[in-house]
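# Chains, contacts and geometry: an overview
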Amino acid sequence: MHGRLKVKTSEEQAEAKRLEREQKLKLYQSATQAVFQKRQAGELDESVLELTSQILGANPDFATLWNCRREVLQQLETQKCVGIQDLRRLPWPCAYTASPEELAALVKAELGFLESCLRVNPKSYGTWHHRCWLLGRLPEPNWARELELCARFLEVDERNFHCWDYRRFVATQAAVPPAEELAFTDSLITRNFSNYSSWHYRSCLLPQLHPQPDSGPQGRLPEDVLLKELELVQNAFFTDPNDQSAWFYHRWLLGRADPQDALRCLHVSRDEACLTISFSRPLLVGSRTEILLLMVDDSPLIVEWRTPDGRNRPSHVWLCDLPPASLNDQLPQHTFRVIWTAGDVQKECVLLKGRQEGWCRDSTTDEQLFRCELSVEKSTVLQSELESCKELQELEPENKWCLLTIILLMRALDPLLYEKETLQYFQTLKAVDPMRAAYLDDLRSKFLLENSVLKMEYAEVRVLHLAHKDLTVLCHLEQLLLVTHLDLSHNRLRTLPPALAALRCLEVLQASDNAIESLDGVTNLPRLQELLLCNNRLQQPAALQPLASCPRLVLLNLQGNPLCQAMGILEHLAELLPSVGSILT
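Quick summary incoming for the structure in this document.

Rules used in this analysis
- Sequence positions are assigned chain by chain, starting from 1 and proceeding in written order.
- Only residues with pLDDT of at least 70 get local features here, since the model is predicted, and only at 80 or more are side-chain atom pairs given and counted; chain-wide, interface and lining totals rely on the full set of residues.
- Side-chain figures throughout are based on the complete set of non-hydrogen atoms in the structure, without hydrogens or water.
- Only Phe, Tyr and Trp rings take part, Trp by its six-membered ring, and two of them pair if their centres are within 6.5 Å. Stacked means planes under 30 degrees apart, edge-to-face means over 60, and tilted covers everything else.
- Each helix is a run of H or I in the DSSP string that is no shorter than four residues. Each strand is a run of E no shorter than two, and both are numbered from the N terminus.
- Exposure categories follow from relative accessible area, calculated using a 1.4 Å probe and restricted to protein chains: below 20% of the type maximum is buried, above 50% is exposed, and the middle band is partly exposed.
- Two limits define a charge over a ring: the Lys NZ or Arg CZ must be within 6 Å of the ring centre, and within 35 degrees of the ring normal.
- Throughout, nonpolar core names a set of buried Ala, Val, Leu, Ile, Met, Phe, Trp, Tyr and Cys residues whose side chains join them through atoms within 4.5 Å.
- Throughout, a residue-residue contact means that at least one pair of heavy atoms, one from each residue, lies within 4.5 Å.
- To obtain an axis, a line is fitted to C-alpha atoms, over the contacting stretch when the element is a helix, and the angle between two such axes runs from 0 to 180 degrees between their N-to-C directions.
- In these notes the angle categories are as follows: under 35 degrees is roughly parallel, over 145 is roughly antiparallel, 65 to 115 is roughly perpendicular, and the rest is oblique.
- By convention the crossing between two helices is left-handed if the near helix lies anticlockwise of the far one by an angle smaller than a right angle, and right-handed if it lies clockwise.
- When residue character is reported, Ala, Val, Leu, Ile, Met, Phe, Trp, Tyr, Cys and Pro are called nonpolar, Asp, Glu, Lys and Arg charged, and the others, Gly included, polar.
- Pairing between two strands requires that DSSP report at least two bridges joining them.

### Focus on the packing of aromatic side chains
Centre-to-centre distance and the angle between the planes together describe a pair of aromatic rings. All chains considered together, the criterion is met by 16 aromatic pairs. Between the aromatic rings of Phe 248 and Trp 401, the centroid separation amounts to 5.2 Å while the plane-to-plane angle is 75°, which identifies the pairing as edge-to-face. With Phe 248 in helix α11 (residues 244-254) and Trp 401 in helix α14 (residues 400-413), this residue pair connects regions lying 153 residues apart in the sequence. A relative accessible area of 39% means that Phe 248 is categorised as partly exposed. Using a relative accessible area of 16% as the deciding quantity, one classes Trp 401 as buried. Each member of the aromatic cluster is reached from another via a ring pair, and the members are Trp 128, Trp 143, Phe 153, Tyr 166 and Phe 169. Between the NZ or CZ atom of Arg 167 and the centre of the ring of Phe 184, over which it lies, the distance is 3.5 Å. If you follow Arg 462 out to its NZ or CZ, it ends over the ring of Trp 359, 4.4 Å from the centre.

### Comments concerning the environment of Pro 578
Within the secondary structure, Pro 578 sits in the loop between α17 (569-576) and β15 (582-584). Taking C-alpha positions, Pro 578 is 8.3 Å from Ala 548, a pair spaced 30 residues apart along the chain.

### Here's the deal with the nonpolar core
If you look at the biggest cluster of nonpolar residues, it comprises 81 residues, and the most contacted ones within it are Val 233 and Leu 253. For this core, the leading source of residues is α14, giving 10 residues. In this structure, Val 233 is in contact with Trp 199, Ala 246, Tyr 249, His 250 and Leu 253, ignoring residues within four places of it in sequence. Of all hydrophobic cores here, the second largest spans 43 residues; its members include Leu 464, Leu 466, Leu 500 and Leu 525.

### Regarding the side chain of Gln 393
Assignment of secondary structure puts Gln 393 in helix α13 (residues 376-395). Look at Gln 393 and you get buried, because its relative accessible area is 14%. Among residues more than four places away in sequence, those in contact with Gln 393 are Cys 402, Leu 403, Ile 406 and Tyr 425.

### Structural notes on the packing of α14 against helix α16 (residues 437-459)
Between α14 and α16, the shortest axis-to-axis distance is 13 Å and the interhelical angle comes to 15°. Overall, the two elements α14 and α16 adopt an arrangement that is roughly parallel. The two elements α14 and α16 cross, and the hand of that crossing is left-handed. For the pair α14 and α16, the contacting residues are Leu 404, Ile 407, Leu 408 and Arg 411 in the first and Leu 443, Phe 447, Glu 450 and Asn 451 in the second. When the residues that make up the contact of α14 with α16 are grouped by side-chain class, the tally is 5 nonpolar, 1 polar and 2 charged.

### Some words on the pairing of strand β2 (residues 274-283)
Across the 10 residues that make up β2, a large majority, 8, are buried. By the bridge criterion, 6 bridges tie strand β1 (residues 263-269) to β2 in an arrangement that is antiparallel. Note on β2: the bridge partner recorded for Leu 266 is Ile 277. As consecutive antiparallel partners, β1 and β2 are separated by 4 residues, and within that stretch Ala 273 has a phi angle of approximately 50°, a positive value. Of the strand pairs in this sheet, β2 and strand β6 (residues 315-321) are connected by 6 bridges, and their pairing is antiparallel. Residue pairing in the sheet places Ser 278 in a bridge with Val 317 of β6.

Listed below in C-alpha cells is the structure:
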C-alpha cells in the first residue's frame, strides 16, 4: 500500500465539493456584507472596488454591486478634484489633483476588469451597462477598440443580443457610417446565414441608408435595394430552408408602409340623431393629439365623442349625438364635415330633406384598403419571388416557412385572384404544421373576411355573406359600418367580439350553427331587429343580457342551444328581454 495514491470514493468527493462550496459561500457572504457596511457608512474608497471585484469576478450579475462601483468611481473623482468626463473643467485649484496618468490607469483597470467579467458571463446585463456608463464619461474613448471587442465576442456567440446592443451603442457614439455596419452584417451573414441579430440589424440600417418619404415608422426600401436584399435572403433559405431567421427577414422585406391617416366612412342617422365615423387606425379621441372638429352647415358644433361599445379606449369607430337643430327637416339639406386635426384630413356627407340617413365613404380598392399599392416593378419582383418559393416547395414539400411565404406573396400580389390557391396552401400548411393549426385558422379567417369585404365594396351593396367559410375569428369589423345584413352561419365562431358594436346600421344578424358561448359583442346596435343564434353553445340566460341594449330587437331565435332545456326558460327570457316580441326556443 505504501507509495500508492489514495483514490477517493465518490462519497468523499461529494463531501469535499460540499465543503468547498460552503467555504466559497462564506467568503461570498462575508465580502458582500463588508461592501454593504462600507456603503452604509459612506466609506466609498478603493477597498470597496477590491471587494466588489472579488464578488463580481465570480458573479457578474449582482446589479447592486455595479451601482456601488459607480458610486466609488464618482467619489474618487470628487476627492481627486478631477472629472473623468472632462479633465479641463476644474472650477479652482484643488489641494490634491490626480494626474491624467492615474485616472487613465484607473479606467484601464476598470475596462480590463469588465472584460474578465464578460468572459465569465458574456450575457451579463450589469457588465455591459457598466461599460456603457464608463465609456460615456471618458473625454476620448477608444471606440475602435470597442468595436474590435464586440467583434471578438460575436465570434464566440453571434446571437449575443447584449453584445449587439452594445455594438449599436458604440456605433452611435462613434458615428460609424451605416454603410460600414451593413458591411459588418454582410460578413457575419456570409459566414452563417442563421444569424437572427445580423438580419435584424440590416432591417434597422437599410432604412437609414435609403430613406423613403411617407414610408411610415418602420421604413421601406427602394425597389433596386429590395431586389438585392431578396436575392441575398433567397440564397439563405435555398441553402438552409429550415432555418427561420432568413424567412423572418424575408417577411420584413415584403412588408408594406403603414396606411396613411384617413377618414374611411362618415354616416349620419336622422332616426338615431347620431353621427358615426370610422378611421384608418385606432385612435383615442379627446387626447391632446387626437382632436376631431365637427362642422354642421359650415358652423362648428361642440359634441361629446364616444366609442360604440362605451369603452374609453383607442377605437377605429367613434360617434356622437346630434342636436335636433342640426337635423331640421325644414331645410333642403344639412352638410356635416369632420376634421381630424392629427391626420390633417377631413370628410363630409350630406343629409337630404326626407332622407333618414346619409353617408360618404372612400371609393375603396383592394390596394388602398388592406395593402398599399404596388408599382409594376415591385409586382414583378414579388412575382419572381413567388415562382422561386414554389420551386423550393417542390424540393421541400413539408417546409412550413416556404408554404407560409407563398401564401403571403400571393396575398401581396392579388388576394382575389389567388384566393382559391391560397386556401389550398393553407390546408397543406395545417397538415405540415399541426401545432399551429389555430393560428393558421385565424390567419385564414382574416384573409377570407378581407376578400369578402372587397367583393362587397366592388358590388356596392350593404349585405355581407360569410356563411360556410369555416371562420374562427372576426376582424376588420370597422369596415362594416354601413352593412345592414350579416350572415355568419355555419362557421366555427366561439364569440361575437366587442368590435361588432361598430355595425351601426346592422338590421339582421345570422349566426346560427357556430360554437358561440358569449354575446358580449352584441351591444348598442341601434337598428338590430333580427338575431338568429340556432345551434350554438349558449348555456345560461345571463349570456343574453347584452341584447337588452339593442332597442329595436324583435326576433330572437335560440333553438338548439343548451339553455333552451331549462325549465321556464321562456318566462325568464321574457323578463330579461321585455322589448323582444318573439323569442324562439
